[in-house]
Amino acid sequence: TTRLLKLPLLTLTVATSLLLDTRGTLNRGSTSLNCVGLWRHTGAWRGREQAPYSTLVPSDEVTVNYRHGLPVITLMLPTRSERCQFTVKPVVTTVGAFLQDVQREDKGIERAEVFATDGSKVSDATLMEVLLMNDFKLVINNTAYSVSPPVKDKLSSEHATEMEDIKSLVHRLFVALNLEDHQIRKERELLQKLDHLKGELLPLEQMKAKIMDSADAKTSRLLWVGLALMSTQGGALAWLTWWVYSWDIMEPVTYFITYGSAMAFYAYFVLTKQDYIYPHAKDRQFLHYFYRKSKKQRFNVERYNKLKDDLAEVEESLRRLRQPLHLRLPIQEISDKD
């Protein structure tokens, strides 16, 4: 009697599975894969040993649904003949990145493109957020799929305002809880970098001081030589005017000497594009001696300047990090000197 009761039940289960399998073959647009468990019968019911058998043929269509606020695109991989889900970030992911992910998942995909409903190709730089606003066609190899994304419910203005307020509150709490640790960690990093830069600059500073002393001595020596030459010239002109010749003879000589000096000053302007001003001329001659001496002693001026710029940048960052507003200290009054 027990076997007679169980045999119709098994027949009913098999008939139901065949019916669902026929309906699944007709409805190929279904997005989910439904499975019905058949109970194996080996003469007597020794136990319920379940074996899943697919009763619906996987859909060949491309579907889009939202899960946890993110769009999930489900499509059939042609080489592997299985459906695969791709979760995209619509604000960040582009169409080109999505197609690359699809081709990376199935190496047999040689062509993957997206077209609008009017047949125009969608650029790879287009964001997925813009693409999912309207219907489109996805072409994989030689097969075109029509995709109709669902309409996503838009947040009301009040709800959006509340969300922005919550985000702002969370941000302020995060800053309040982590600002002090961040400042301490940043200050430690800047101090380490400052010590490292000072260690690299120390030998360069010593070499630079020696080169500057040498260049300054040569420049001062040149100035004194110029003064001696001018004194000698003045004395020679006086001796020729009053003891050797008369003023009538020396006047044209002094004129041409003055004119020659003017020509020399003008030539200096043509070559340097600067007026002949004694402090500027002294600095120019100092730099000339400095760079010539640096080249002989292999002093890297560019590296020294870069290290000095980095040192100034680190010191400025430390000064800004230690400002009263960042440390939540009372602001000091600005003195007249500042």
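Residues numbered from 1 in each chain as written. Predicted model: local features only at pLDDT ≥ 70, side-chain atom pairs only at ≥ 80, totals over all residues. Heavy atoms only, no water.

> Which parts of the structure should I look at to understand the overall build of the protein?
On a plain count of helices and strands, the protein comes out with 8 helices and 8 strands. Across the 338 residues in the protein, those meeting the buried criterion constitute 21%. Excluding contacts between residues fewer than 6 apart, the proportion of contacts in the protein whose partners are at least 24 apart in sequence is 54%. When the accessible area of the protein is evaluated, it comes to approximately 25,500 Å², of which 58% is carbon and sulfur surface. (Helix = DSSP H or I, 4+ residues; strand = E, 2+ residues; numbered from the N terminus. Buried < 20%, exposed > 50% of the residue type's maximum accessible area, 1.4 Å probe, protein only. Contact = heavy atoms within 4.5 Å. Areas by Shrake-Rupley, 256 points an atom, 1.4 Å probe, with all protein chains shown as cover.)

> How should I be thinking about the nonpolar core in this particular structure?
The nonpolar side chains of a soluble globular protein tend to be buried, and buried together. Core analysis: the biggest nonpolar cluster contains 24 residues, and Leu-75, Phe-98, Val-114 and Leu-138 have the highest contact counts within it. Of all the elements in the fold, those that place two or more residues in this core are strand S4 (70-77), strand S5 (82-87), helix H2 (95-105), strand S6 (112-116), helix H3 (128-131), strand S7 (136-140) and strand S8 (143-147). For this core, the leading source of residues is H2, giving 4 residues. Apart from the residues lying within four places of it in its own chain, the contact partners of Val-114 are Val-95, Leu-99, Lys-121, Val-122, Leu-131, Phe-136, Lys-137 and Leu-138. Within the second largest apolar cluster, 18 residues are counted, among which are Leu-190, Ala-215, Phe-286 and Leu-311. (Core = buried A, V, L, I, M, F, W, Y, C linked by side-chain atoms within 4.5 Å.)

> What's the story with the confidence of the model for the protein in this structure? I'm lost.
Low pLDDT marks regions whose predicted coordinates should not be analysed in detail. Looking at the protein, the pLDDT average stands at 75 and 74% of residues meet or exceed 70. For the protein, strand S1 (residues 35-39) is the element with the lowest average pLDDT, namely 31, and S6 is the one with the highest, namely 91. Contacts for the low-pLDDT stretch residues 1-58, under 50 throughout, to residues beyond four places or in other chains number 48 contacts. Below pLDDT 50 for its whole length, residues 331-338 participates in 2 contacts with residues either more than four positions away or in separate chains. (pLDDT = per-residue confidence, 0-100.)

> Help me understand the pattern of salt bridges in this model?
Pairs can form between side chains of opposite charge once their charged atoms are near each other. Summed over all chains, the structure comprises 9 salt bridges. Measuring nitrogen to oxygen at the nearest pair gives 2.4 Å for the salt bridge that ties Glu-82 to Arg-80. On the accessibility criterion, Arg-80 (39% relative accessible area) is partly exposed. Notably, a salt bridge pairs Arg-104 with Asp-101, separated by 2.7 Å at the nearest N-O pair. Placement of the pair is Arg-104 and Asp-101 together in helix H2, with a separation of 3 residues, close to one helical turn. Assessed through its relative accessible area of 33%, Asp-101 is described here as partly exposed. (Salt bridge = Lys/Arg side-chain N within 4 Å of Asp/Glu carboxyl O.)

> Even after reading the chapter, I still don't get the side chain of Asp-106, so can you show me in this structure?
Relative to the assigned elements, Asp-106 resides in the loop between H2 and S6. Although buried, Asp-106 forms no salt bridge, and the nearest oppositely charged side chain, Arg-80, lies 5.9 Å from it. Sequence-distant contacts of Asp-106, defined by excluding residues within four places in its chain, comprise Leu-77, Pro-78, Thr-79 and Arg-80. (Lys, Arg positive; Asp, Glu negative; His and termini not counted.)

> How do you make sense of the sheet that holds S7 when you look at a structure like this?
In a beta sheet, neighbouring strands pair by backbone hydrogen bonds and run either parallel or antiparallel. Strand order in the open sheet made by the 3 strands is S6-S7-S8, with antiparallel pairing throughout. A strand with exactly one partner marks an edge of an open sheet, and here the two such strands are S6 and S8. Averaged over all neighbouring strand pairs, the angle between strand axes comes to 25°, with direction disregarded. The pairing of S7 with S8 spans 5 bridges and is classified as antiparallel. The residue of S8 that forms the bridge with Ile-140 is Thr-143. Seen against the sheet, H2 touches S6 and S7 and runs at an angle of roughly 140° to S6. (Pairing = 2+ DSSP bridges. Axes fitted to C-alpha atoms, helices over the stretch in contact; angles between N-to-C directions.)

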